[in-house]
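Geometric and topological summary
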Amino acid sequence: MAFSERKMPGICSVFLLVVLLAHYSHGFYLPGSYMHTYSTSDTIFAKVNSLTSIETELPFSYYSLPYCKPLVGVKKSAENLGELLMGDQIDNSPYRFRMNVNESLYLCTTSPLNEHEVKLLKQRTHDLYQVNMILDNLPVMRIAKQNGVNIQWTGFPVGFTPPNSNDDYIINHLKFKVLIHEYEGTGVQIIGTGEEGMGVISEADQKKASGFEIVGFEVVPCSVKYDPEVMTKLHMYDSISPVNCPLVLDKSQIIRERERISFTYEVEFVKSDIKWPSRWDAYLKMEGARVHWFSILNSLMVITFLAGIVFVIFLRTVRRDLTRYEELDKEAQAQMNEELSGWKLVVGDVFREPDCPKLLCVMIGDGVQITGMAAVTIVFAAFGFMSPASRGMLLTGMIILYLFLGTAAGYAAVRLWRTLKGTSEGWRSVSWSVACFFPGIVFVILTVLNFILWGSKSTGAIPISLYFILLSLWFCISVPLTLLGGFLGTRAEPIQYPVRTNQIPREIPARKYPSWLLVLGAGTLPFGTLFIELFFILSSIWLGRFYYVFGFLLIVLLLLVIVCAEVSVVLTYMHLCVEDWRWWWKAFFASGSVALYVFLYSINYLVFDLQSLSGPVSAILYLGYSMIMAIAIMLSTGTIGFITSFYFVHYLFSSVKID
């Protein structure tokens, strides 16, 4: 997944002005990786990531196929936690580039292909696997024309199968075009926050910093049949004549047993006006962005209008009830209580302890943790602090935030527990349950999926060492912090109820239809704020597209919080009006039921938008990850609705005059 590199429109502009005034001619670039400048003939080696496919969603190592290996051997690049969990495996490659030197080079010739290698190459070709190459932290881009429109893709295919043919052909010749921008060190201070870490180019390094910077990396893949007898006489990086991509299959390299495949490539450096801070624009501004923006705006306006109407009607109704009730004297109130029905009659039961109070506290605690993690992550991403150059940083940041927000989860759960029970007894059990409930569900699902990935020998499988790291983070950071939050919750004052609870519960009148139908139906309104954005998020995850409009996602998040709060409060009020005082769980699921529609939409997306997804393994992986997403959304939205309803009920009954 790629992240927004747009700068903050207001705050960043002010900050930039301050930096300019303080340092005169200095420039300030944020975010992105530390800018590299290269002199002519400087050597740069490309890296290769895992092979990926939108058909199987199972990543595989680049060197699982018979490709040329570097002279120094295969070496893995340092990977962060997010990259490992996403299945990235970045290795070095033999593809060598010399800055501003155009050349055509030979790499290697394979030994005769055996049956296993042929089967593997054909399978990867049929499954539309893509080779993902990286140069100076930029993924390689392929531009193809379809119906006269340029379509951008990252990576290039392993091979291709011509229409009406049973033969497969391998991509063995690559024509690279590297876009470079000539940079002159003119008193520019550059601060980077990417995977290379923080770096500063000072005045003394200006001359050294002058040179060329890479601002684009494109490829045209070809299949070329070579004479192996001639090619085996060459050595790696020997020059060859430039090659034109053949238009006839007879001159393309077929995949079959006993064939020896020669790999070659060409490099062309082209000067560009694109500057280094803008080099990711070509990746982020994919086709359909305008449609995406208008769809989101349309959704926001409609939902805001509907929610506004509901909220205004609701405010008028409650205000009228309270005004009428408070204007009556005590005798009239007593008579009114005998004659009228509604929320005023459940005053002695409204704060009665709900069913499964411990589970409710645990789910609220986990919901606070997930909501906080999502909010902080999206805010940072919307302000441009999640650079696409820093692969895996979004997921790594989310995990770190989740760990440290355990304190808030423990505090919220234990304080609610004290409010329900009136005592701190059992707070350790509640804290432990909070620390283990949602992570435990995720751990079980990931373990099942991991066994499937191990069986498929995919790089998407989590290594055993990473399992121990995750368990260590869980039990050495998250659990202690959650227990600390629980301890702080025992020291906080419990929320005092404004009314007393009767010893004998009031009988709830029979209803013509189950109240849970209304609760489930309430989830459609929050889903209306999500579904368009959900489509683009699913596309970025499963179709390999870039997701970069975190500003819109932040707006959707804020609107979702408002709608969840409104829906839950309205449903709580409706249940109280029919003398149903069991509102606790209904308030939670009134907004939390959006998760059901999210999961159903995910199935719909699998059936109608991921038609290329093949095999039961891929479908199980998709449904497993969708289940985790739906549970997280249920806990988050349910918590928002419950907390809002709780304070609404508290305010409502604290406004009533009680004898």
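In the annotation of an unreviewed UniProt entry, the entry for the protein reads Transmembrane 9 superfamily member, and the organism field reads Hibiscus trionum. Per UniProt, the comment on the protein under Sequence similarities (unreviewed entry) is "Belongs to the nonaspanin (TM9SF) (TC 9.A.2) family."

1. Here we look at the overall build of the protein
Assigned secondary structure in the protein consists of 19 helices and 16 strands. Classification of the 659 residues of the protein by burial places 52% in the buried group. In the protein, of all internal contacts separated by at least 6 residues, the share reaching a separation of at least 24 is 84%. Within the structure as shown, the protein displays about 31200 Å² of accessible surface, and the carbon and sulfur contribution to it stands at 62%.

2. Considering the sheet that holds strand β2 (residues 91-98)
Strand pairing in a sheet is mediated by backbone hydrogen bonds. Such pairs are either parallel or antiparallel. Spatially, the 4 strands line up as an open sheet ordered β2-β1-β5-β6, and their pairing is antiparallel. Two strands lie at the open edges of the sheet, namely β2 and β6 (138-139), each paired on one side alone. The pairing of strand β1 (residues 43-48) with strand β5 (residues 133-135) spans 2 bridges and is antiparallel. Paired with Val48 across the strands is Met133, a residue of β5.

3. Some points on the state of the cysteines
In protein structure, a disulfide is the covalent linkage between the sulfur atoms of two cysteines. On inspection of all chains with the given rule, the structure shows 2 disulfides. One disulfide in the model links Cys68 with Cys108; its S-S distance is 1.8 Å. Every disulfide takes its handedness from the sign of the S-S torsion; for Cys68 and Cys108 that torsion is -90°, giving left-handed. Taken together, the positions of Cys68 in the loop between β1 and α2 (81-86) and Cys108 in strand β3 (residues 103-109) put the pair 40 residues apart, joining distant regions of the chain. Given a relative accessible area of 4%, Cys68 falls into the buried group. Taken N- to C-terminal, the disulfide-bonded cysteines of the protein are connected 1-2, 3-4.

4. Focus on unusual backbone geometry
A positive phi angle, near 75°, is found at Ser41, a position not held by glycine. For Ser41, the position within the fold is in the loop between α1 (11-23) and β1. In this structure Ser41 comes out as partly exposed when scored by relative accessible area, which is 40%. A positive phi is found at Leu128, a non-glycine position, where the angle reads about 60°. Tracing the sequence through the fold places Leu128 in the loop between α3 (115-126) and β4 (130-131).

5. Let's talk about the side chain of Gln253
Relative to the assigned elements, Gln253 resides in the loop between α5 (228-231) and β16 (262-271). Here Gln253 is in contact with Asp168, Tyr169, Ile170, Asn172, Ser223, Val224, Lys225, Tyr226, Glu259, Arg260 and Ile261, once residues within four sequence places are set aside.

6. Things to note about the pattern of salt bridges
According to the stated counting rule, one finds 9 salt bridges in the structure shown. Between Lys175 and Glu266 there is a salt bridge, and its shortest N-O distance comes to 3.3 Å. Here Lys175, found in strand β12 (residues 173-183), pairs with Glu266, found in strand β16; they are 91 residues apart in sequence, far enough to count as distant. Three or more residues are tied together by salt bridges with common partners; here these are Lys225, Arg256 and Glu259.

7. Remarks on the packing of helix α16 (residues 550-577) against helix α19 (residues 616-654)
The contact between α16 and α19 brings their axes to 8 Å, and the two run at 50°. For the element pair α16 / α19, the angle class is oblique. For the pair α16 and α19, the sense of crossing is right-handed. Contact residues: Leu560, Val561, Cys564, Ala565, Ser568, Val569, Thr572, Tyr573 and Leu576 in α16; Thr637, Ile640, Gly641, Phe642, Thr644, Ser645, Phe648, Val649 and Phe653 in α19. When its residues are assigned to classes, the contact of α16 with α19 shows 12 nonpolar, 6 polar and no charged.

8. A few points about the packing of helix α14 (residues 515-522) against α16
What describes two packed helices is the angle between their axes and the distance between those same axes. At a closest axis distance of 10 Å, the pairing of α14 and α16 adopts a crossing angle of 165°. The angle between the axes of α14 and α16 places the two elements in the roughly antiparallel class. As for the relative orientation of α14 and α16, their crossing is right-handed in sense. Contacts between α14 and α16 pair Ser515, Leu518, Val519 and Ala522 from the former with Val567, Leu571, Met574 and His575 from the latter. Residues that form the contact of α14 with α16 fall into these classes: 6 nonpolar, 2 polar and no charged.

9. Looking at helix α15 (residues 524-542)
In α15, a bend of some 45° at Leu530 exceeds every other bend along the element. All buried positions along α15 are accounted for by Pro526, Phe527, Gly528, Thr529, Leu530, Ile532, Glu533, Leu534, Leu538, Ser539, Ser540 and Trp542.

10. Considerations on the nonpolar core
Of all hydrophobic cores here, the largest spans 122 residues; its most connected members are Tyr95, Phe97, Met133, Phe176 and Phe217. Here the element with the most residues in this core is α19; it accounts for 16 residues. Beyond its immediate sequence surroundings of up to four residues, Phe217 is in contact with Phe97, Met133, Ile134, Leu135, Leu138, Pro139, Val140, Met141, Phe176, Lys177, Val178 and Tyr283. Counting 9 residues, the second largest nonpolar core, distinct from the first, contains Ala382, Phe550, Leu554 and Leu557.

11. So, the confidence of the model for the protein
This prediction gives the protein a mean pLDDT of 80; 79% of its residues lie at or above 70. Throughout residues 187-208 the model reports pLDDT below 50, and contacts reaching past four residues in sequence, or to other chains, amount to 55 contacts.

12. Some words on the packing of aromatic side chains
Following the criterion strictly, the structure yields 35 aromatic pairs and no others. Between Tyr95 and Phe176, the aromatic rings sit 5.9 Å apart at their centres with planes inclined by 80°, giving edge-to-face as the arrangement. With a gap of 81 residues between them, Tyr95 in strand β2 and Phe176 in strand β12 connect regions that are remote in the sequence. Each member of the pair, Tyr95 as well as Phe176, is classed as buried. Centre to centre, the rings of Phe97 and Phe217 are 5.8 Å apart; their planes meet at 80°, and the pair counts as edge-to-face. Here Phe97 is found in strand β2, whereas its partner Phe217 is found in strand β15 (residues 211-222), with 120 residues between them in sequence. Each member of the aromatic cluster is reached from another via a ring pair, and the members are Phe443, Phe451, Trp454, Tyr467, Trp474 and Phe475. The ring of Tyr237 carries Arg96 above its face, with NZ or CZ at 4.4 Å from the centroid. Across from the ring centre of Tyr129, 5.3 Å away, lies the NZ or CZ of Arg124, which sits over that ring.

Rules of the game
- Residues numbered from 1 in each chain as written.
- Predicted model: local features only at pLDDT ≥ 70, side-chain atom pairs only at ≥ 80, totals over all residues.
- Heavy atoms only, no water.
- UniProt positions renumbered as here; feature names shortened; annotations may be inferred.
- Helix = DSSP H or I, 4+ residues; strand = E, 2+ residues; numbered from the N terminus.
- Buried < 20%, exposed > 50% of the residue type's maximum accessible area, 1.4 Å probe, protein only.
- Contact = heavy atoms within 4.5 Å.
- Areas by Shrake-Rupley, 256 points an atom, 1.4 Å probe, with all protein chains shown as cover.
- Pairing = 2+ DSSP bridges.
- Disulfide = S-S within 2.5 Å.
- Salt bridge = Lys/Arg side-chain N within 4 Å of Asp/Glu carboxyl O.
- Axes fitted to C-alpha atoms, helices over the stretch in contact; angles between N-to-C directions.
- Parallel < 35°, antiparallel > 145°, perpendicular 65-115°, else oblique.
- Left-handed = near helix turned anticlockwise from the far one by under 90°.
- Nonpolar A, V, L, I, M, F, W, Y, C, P; charged D, E, K, R; others polar.
- Bend = angle between axes of the 7 residues up to and from the residue.
- Core = buried A, V, L, I, M, F, W, Y, C linked by side-chain atoms within 4.5 Å.
- pLDDT = per-residue confidence, 0-100.
- Phe/Tyr/Trp six-rings, centres within 6.5 Å; stacked < 30°, edge-to-face > 60°.
- Lys NZ or Arg CZ within 6 Å of the ring centre and 35° of its normal.

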